[in-house]
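Take a look at the letters that make up each chain.
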Amino acid sequence: MARRIKFKSEVGRLLDIVIHSLYKHRDIFLRELISNSVDALNKLKFKQLQGEEIADGELEHRIDIKVDQNEKTIEIIDTGIGMTEDEIIENLGTIAHSGTKKFLELLDKKDNVTEELIGQFGVGFYSVFMVAEKVEVVSKSYLKDAYPVKWISEGKERFTVDTVEGEVKRGTSVKIYLKEDALEFLSESRIEAIVDRYSKFVPYPIYLNGRKLKQVKPLWLENPNSLKKEDYEEFYKYLTKSELKPLSYLHIYSDAPVDLKSIIYIPPFSLVKFGIEDDTGIRLYNRKVLIDEKTEELVPDYLRFLKGVVDSEDIQLNISRETIQNDPVVLRLKKTITSKFIKHLKDFLKKDRANYNLFFDEFGVYLKEGIVKDYPEKQDLAELLLFEYTDGNEKITLSEYLEKTDYKDSIYYIVGEDRKTIEKSPYLEQFYQKGVPVLILTQVLDETVIEHIGKFKEAEFKLITREDITLEKGEKAEKTIEEEDKKFLEKVKEILKDRIFDAVISTRLVKSPYCLVSQKNSPSSQMERMMNALNKFYVPSKKILEFNPSHPVYKNLKRFILNSNDKELKETLLNSIVDAAELSEGFLSDIPSSVERYNQLIERFLELDKK
Ligand SMILES: Nc1ncnc2c1ncn2[C@@H]1O[C@H](COP(=O)(O)OP(=O)(O)OP(=O)(O)O)[C@@H](O)[C@H]1O
């Protein structure tokens, strides 16, 4: 007896979107149906290899497309795993697929949603209603005692499920009664072109009205020397069901020490950035048998943005989610893939800098994560990082930095919120004067990354806002301090004891009269502010106030501090100096008090003028 069942409300919504032409290309419906057939055949093959009992075991694994001009129908038939009555109601009546749910969420967000991004999802089976007036699905499960079922829908509120009379073999057929405006799909050459475009890598034969269509061998099993860039790009589109091109790819083709045939792709952008989990990852095969659709264990966590296929005949077919993580073959594959991929990135960096820059902008943060999490290959990852620096607008690697400096044992860096403020800061004066480049870090994470790298090729990282950073060598690095200077510095320290840790004579300043520097080993001011924001009990360490002894302000200030009896003015003046030094770092710790001090100074100046 036929049953009429209502679609779940979310399906209703999806159908509405699909029917009102979500896609630019309506022909995508065929890709989606063939892809479902491939999934069904993959699942069946897997069950067979595991020795399960299968109905109609002798059937060839294949996909048939039948076009009927009189009926105005297209039928897609597979000999896959099939569906039972319960399964067909569940699978075609609700949105089980998490990717499709995410797709709906994405539509809710609206901003940033581009046609391309939508294309990344594929709304699966329901896309058939872009071209169908009515759809009839007949399916028979692989289970021995399953009976065939028929599902019919016109893409409206309800669908019908019924049993089928007569003999039906295992698998699924989807019959589409085309809409009047979609009759173009009755053309065989059109269908052939669509299969060629979207489905030529399908690992099962596809027949069109009984004629076998031309297909391509799984690309990863081909010798890389026989393949062109376009082949890899086509395969990427097939894998990701998108129209995008990868940023880069790597083909690994080796038999020993472990059998490994793999194509790994760097996608053009990160879906995660849009708050969406990516459904395509790395597929695991054993001699073309799909074992897992998205295997996270084949690359370290920080390379989770990669896509592609890995095929190895050393993998056990009965490997499960639980055992995969500690499987010795998987671990060996992971090690090989990781080291080959890192080598690939080094080549990518050397040979195609423009695209590498794009890669780094998009995925550099993942490499940094690998360093911060102390993966064994972190020194290799460090070689792949790009940094902004003072002498140019393009970003450079740490090796390139070392080539540009005469101080080979040090990699100088400065941390700040924006490049403009940093470039004008007093800490850089001596570096500009001596032509020594300094890395500019504008992301808080970068400072942590540097700490985790530790040393790079014998060079130490030096934060230039810390004390004792001088480019002077030998005698010049020694500060000659007269008795009078000592007295002045003592006085300054006494007056500012709540705000500074020490007051000293500087060897780093060229043009500026003074600056604040951090104590040895303490984090940058940016890092301290972040720590303070996260934990209000974190007390930032006090700074050291450095004076430039050859600046005219210094001599006059010294005279005034040592000789004047105006205690209040001395306090206001010195505190304002600290305020100004803070400002040149791009930050003021206590805005109301400093404004008050500036106003006091203005008042005093105007009084002087009156006299
Ligand atoms: N030819 C088929 N054979 C067996 N089961 C099928 C077939 N077509 C669809 N299904 C079942 O219906 C479900 C829903 O299909 P649908 O195409 O909407 O989503 P999906 O294939 O899971 O995801 P997507 O196509 O978005 O990757 C499938 O997961 C599958 O269980």
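Residues numbered from 1 in each chain as written. Predicted model: local features only at pLDDT ≥ 70, side-chain atom pairs only at ≥ 80, totals over all residues. Heavy atoms only, no water.

Our next topic: the packing of aromatic side chains. Evaluation of the coordinates by the stated rule reveals 29 aromatic pairs. Ring centres of Y232 and Y249 lie 4.2 Å apart, and the angle between their planes is 20 degrees; this geometry places the pair in the stacked category. Within this pair, whereas Y232 is found in helix α7 (residues 229-240), its partner Y249 is found in strand β10 (residues 248-254), the two being separated by 17 residues in sequence. Against the face of Y177 rests K134, its NZ or CZ located 4.7 Å from the ring centre. Its end group placed over the ring of F587, R529 keeps NZ or CZ at 3.8 Å from the ring centre. (Phe/Tyr/Trp six-rings, centres within 6.5 Å; stacked < 30°, edge-to-face > 60°. Helix = DSSP H or I, 4+ residues; strand = E, 2+ residues; numbered from the N terminus. Lys NZ or Arg CZ within 6 Å of the ring centre and 35° of its normal.)

The subject of this paragraph is the sheet that holds strand β19 (residues 455-456). One open sheet accounts for six strands, arranged β16-β15-β18-β17-β20-β19; its pairing is mixed. Edge strands, defined here as strands with exactly one partner in the open sheet, are β16 (392-396) and β19. One ladder, built from four bridges, connects strand β17 (residues 410-415) with strand β20 (residues 459-463); its direction is parallel. Bridging across to β20, Y412 finds its partner in K462. (Pairing = 2+ DSSP bridges.)

Of the positions making up helix α17 (residues 525-534), those classed as buried are S525, Q526, M527, E528 and R529. Where α17 is buried, its residues contact β17, α15 (444-453) and β23 (543-547). (Buried < 20%, exposed > 50% of the residue type's maximum accessible area, 1.4 Å probe, protein only. Contact = heavy atoms within 4.5 Å.)

Within the secondary structure, R597 is located in helix α20 (residues 591-610). When its relative accessible area of 15% is taken as the criterion, R597 is described as buried. When near neighbours in sequence (up to four residues on either side) are disregarded, R597 contacts R499, T572, N575, S576 and D579.

Now for the pattern of salt bridges. In total, this model carries 50 salt bridges according to the counting rule given. K486 serves as the salt-bridge partner of E483, at 4.0 Å between the closest nitrogen and oxygen. Remark: K486 and E483 occur in helix α16 (residues 483-495); sequence separation between them is three residues, near one turn of the helix. Since its relative accessible area comes to 56%, E483 is described here as exposed. A relative accessible area of 44% means that K486 is categorised as partly exposed. Measuring nitrogen to oxygen at the nearest pair gives 2.9 Å for the salt bridge that ties D579 to R499. Of this pair, D579 sits in helix α19 (residues 567-584) while R499 sits in the loop between α16 and β21 (500-505), and the two are 80 residues apart along the sequence. Exposure remark for D579: the relative accessible area of 1% places this residue in the buried category. Judged by its relative accessible area of 22%, R499 falls in the partly exposed class. A single network of salt bridges, built from pairs that share partners, joins R26, D27, D181, E184 and R190. (Salt bridge = Lys/Arg side-chain N within 4 Å of Asp/Glu carboxyl O.)

Another aspect to go through is the domain arrangement of the protein. Assigned domains of the protein: these are domain 1 (3-212), domain 2 (221-358), domain 3 (386-463) and domain 4 (479-610). Using C-alpha coordinates to define each centre, domain 1 is positioned 28 Å away from domain 2. (Domains from an automatic or database assignment.)

Our next topic: the nonpolar core. Counting residues in each nonpolar core, the largest one holds 97 residues, and the members touching the most others are I266, F359, L367, Y412, L439, L545 and F547. The element that contributes the greatest number of residues to this core is helix α9 (residues 328-351), accounting for nine residues. What L545 contacts, discounting residues up to four positions off in sequence, is V492, L496, I500, D502, A503, V504, Y514, C515, L516, I577 and V578. (Core = buried A, V, L, I, M, F, W, Y, C linked by side-chain atoms within 4.5 Å.)

Here we take up the sheet that holds strand β11 (residues 260-266). The five strands are arranged β10-β11-β14-β12-β13 in an open sheet whose pairing can be described as mixed. Two strands lie at the open edges of the sheet, namely β10 and β13 (289-292), each paired on one side alone. Each adjacent strand pair in this sheet contributes to an overall mean axis angle of 20 degrees, direction not counted. Pairing between β10 and β11: seven bridges, direction antiparallel. Looking at the pairing, S248 lines up with I266 of β11. (Axes fitted to C-alpha atoms, helices over the stretch in contact; angles between N-to-C directions.)

One can describe the packing of helix α18 (residues 552-563) onto α19 by two numbers: an axis separation of 10 Å at closest approach and a directional angle of 145 degrees. Once α18 is placed against α19, the crossing between them reads as left-handed. In this structure, α18 contributes L557, F560 and I561 to the contact, and α19 contributes L569, K570, L573, L574 and I577. For the contact of α18 with α19, a count of residues per class yields seven nonpolar, no polar and one charged. (Left-handed = near helix turned anticlockwise from the far one by under 90°. Nonpolar A, V, L, I, M, F, W, Y, C, P; charged D, E, K, R; others polar.)

Here we come to the environment of T336. Mapped onto the secondary structure, T336 falls in helix α9. With sequence-adjacent residues up to four places away left out, T336 is seen in contact with V258 and L260. Reaching out from T336, the side chain makes a polar contact with the backbone oxygen of R332 at a distance of 2.9 Å. (Polar contact = N/O pair within 3.5 Å; in protein donor to acceptor, adjacent residues only side chain to side chain.)

Time to look at the side chain of S242. Among the structural elements, S242 can be located in the loop between α7 and β10. Among the polar contacts made by the side chain of S242, one reaches the side chain of T240 at a distance of 2.9 Å.

Between its terminal C-alpha atoms α9 stretches 34 Å, which fits the 34 Å expected from 24 residues at 1.5 Å a residue. Along α9, the residues that are buried comprise V329, V330, L333, I337, T338, F341, I342, H344, L345, F348 and L349. As for α9, its buried residues are in contact with β10, β11, β14 (307-311), α8 (321-324), α10 (353-372) and α11 (378-382). Sitting at the head of α9, D327 places a side-chain oxygen 3.0 Å from the backbone nitrogen of V329. (Expected span 1.5 Å × (residues − 1).)

As a further point, take a nonpolar patch on the surface. There is a patch of nonpolar side chains on the surface, built from L583, Y598, I602, F605 and L606 and spanning about 480 Å² of accessible area. Top contributing element to the nonpolar patch by residue count: α20, with four residues. Relative to the helices and strands, F605 is located in helix α20. (Patch = residues over 30% accessible without salt bridge, like charges linked within 9 Å, V, L, I, M, F, W, Y side chains within 5 Å. Areas by Shrake-Rupley, 256 points an atom, 1.4 Å probe, with all protein chains shown as cover.)

Both strand β1 (residues 3-6) and strand β6 (residues 158-163) contribute to a ladder of four bridges, which runs antiparallel. If you follow I5 over to β6, its bridge partner there is F159. One ladder, built from five bridges, connects strand β5 (residues 149-153) with β6; its direction is antiparallel. Note that in β6 the partner of S153 across the bridge is F159. Counted between consecutive antiparallel strands, the loop separating β5 from β6 contains four residues, among which G155 sits at a positive phi close to 75 degrees.

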